[in-house]
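Structural overview for review
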Amino acid sequence: MFLFKKLVSNAIMPLSLCVLLLLIGLVLLWFTHRQKTGRILVTAGSVLLLAVSYGWGFAPALKALEHEYPPVTNVAADAKWVAVLGGGTFSDAEIPLHARLSEASLGRLVEGIRLYRQLPGATLLVSGGRVFGSGSDAESMRELAVSLGVNPADIRVDEESPDTETQALIIRQMVGDDKVLLVTSASHMPRAVGLFRLAGVNVVPAPTHYVVQDNAGFSPADLFPDSDSVLAAQRVAYEYMGIVWAKLRGLL
């Protein structure tokens, strides 16, 4: 089921749909007599590609997700744990372990360490296992945290979890009823909070790694498509699919 979920979700991501529509449309135009259908598919793929490349509709939807919970400025003094959810790690053996973290994992860990340093006696919990040949989020985050000065005795590790649902269940067993600062990407926070609270974890949302960020004024770059818009489209589609899937299973 986990493999099936990953295959389907990646197949219907915005960029995948663009490529699929364009490829099918081109095949129909070049190799069949179904010219009208081919033109419709190529047009639909092109329009979707424009929307993805410029963030039309996708960026506002992602921003709404990212701002559902405010960032933590005043740390809850009674929190005993800072739980950082991994956001992807590479397994390239030619690169040092601490440098394999994805942008999401790195941003989450930095925020987790910032909060941990404001809570004397707190424990930093890093979570995320290997998935389909990827590296271990927890292992890489632990090594980087130690190299940045975090006491190894203050770190707990969950290397088993392949997804957020499992992380919630395992972390519940580790923290019991203690209050936990939950650190993950801002867009992922609504789904994570729902799953963690359902598992019985007493969480305080601590969002970070904001993908949609606006600059004041106009830049010539605003006239052109960019990879950040593609990232926003992919991210918002991924999160909403996750939310729908959880709701269909009665988890949210």
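About the criteria used
- Residues numbered from 1 in each chain as written.
- Predicted model: local features only at pLDDT ≥ 70, side-chain atom pairs only at ≥ 80, totals over all residues.
- Heavy atoms only, no water.
- Pairing = 2+ DSSP bridges.
- Helix = DSSP H or I, 4+ residues; strand = E, 2+ residues; numbered from the N terminus.
- Axes fitted to C-alpha atoms, helices over the stretch in contact; angles between N-to-C directions.
- Core = buried A, V, L, I, M, F, W, Y, C linked by side-chain atoms within 4.5 Å.
- Buried < 20%, exposed > 50% of the residue type's maximum accessible area, 1.4 Å probe, protein only.
- Contact = heavy atoms within 4.5 Å.
- 1 Å grid on protein atoms, 1.4 Å probe; cavity = no way out; pocket = protein on both sides within 12 Å on 5 of 7 lines; lining within 4 Å.
- Points joined across faces, edges and corners; volume = space filled by probe spheres on them.
- Nonpolar A, V, L, I, M, F, W, Y, C, P; charged D, E, K, R; others polar.
- Polar contact = N/O pair within 3.5 Å; in protein donor to acceptor, adjacent residues only side chain to side chain.
- UniProt positions renumbered as here; feature names shortened; annotations may be inferred.
- Salt bridge = Lys/Arg side-chain N within 4 Å of Asp/Glu carboxyl O.

A few words now on the sheet that holds strand β1 (residues 81–85). Pairing is parallel in the open sheet, where 5 strands are placed in the order β3-β2-β1-β4-β5. Looking at which strands have only one partner, the edges of the open sheet turn out to be β3 (155–158) and β5 (202–208). Sheet twist, expressed as the average angle between the axes of neighbouring strands with direction ignored, equals 25 degrees. Bridging between β1 and strand β4 (residues 179–185) involves 4 bridges; their strand directions are parallel. Residue pairing for β4: Trp 81 is matched across the bridge by Val 180.

Counting residues in hydrophobic clusters, the biggest one holds 24 residues, and the most contacted among them are Val 82, Leu 109, Leu 115, Leu 124 and Val 126. Put simply, the parts of the chain that give this core at least two residues each are β1, α5 (103–117), β2 (123–127), α6 (137–147) and β4. Once residues lying within four places of it in the same chain are set aside, the contact partners of Leu 109 are Val 84, Leu 101, Val 126, Met 141, Leu 144 and Ala 145.

Turning next to the layout of surface pockets. Roughly 1,400 Å³ of internal volume is contained in the largest pocket. When contributions to the lining of the largest pocket are tallied by element, the ones reaching two or more residues are α1 (2–11), α5, α7 (164–175), α8 (189–198) and α9 (227–248). At 10 residues, the largest contribution of residues to the lining of the largest pocket is made by α9. Class assignment of the residues belonging to the lining of the largest pocket gives a composition of 19 nonpolar, 18 polar and 11 charged.

Before going further, it helps to spend a moment on the side chain of Ser 187. Among the secondary structure elements, Ser 187 is positioned in the loop between β4 and α8. The class of Ser 187 is buried, set by a relative accessible area of 2%. Within the structure, the side chain of Ser 187 is placed 3.3 Å from the side chain of Arg 235, a separation counted as a polar contact. Here Ser 187 is in contact with Leu 62, Leu 65, Glu 66, Arg 235 and Glu 239, once residues within four sequence places are set aside.

Bringing the UniProt feature "domain: DUF218" (unreviewed entry) in the protein chain into the picture now. Taking the numbering used here, the UniProt-annotated feature "domain: DUF218" (unreviewed entry) corresponds to residues 81–242. Segment residues 81–242 splits into 40% helix and 17% strand. End C-alpha atoms: 26 Å apart.

Here we take up the pattern of salt bridges. A pair can form between side chains of opposite charge whenever their charged atoms are brought close. Tallying each qualifying case throughout the model produces 9 salt bridges. We note a salt bridge from Lys 179 to Asp 78, for which the minimum N-O separation is 3.1 Å. Of the two residues, Lys 179 sits in strand β4 while Asp 78 sits in the loop between α4 (58–66) and β1, which places them 101 residues apart along the sequence. Owing to a relative accessible area of 22%, Lys 179 belongs among the partly exposed residues under this scheme.

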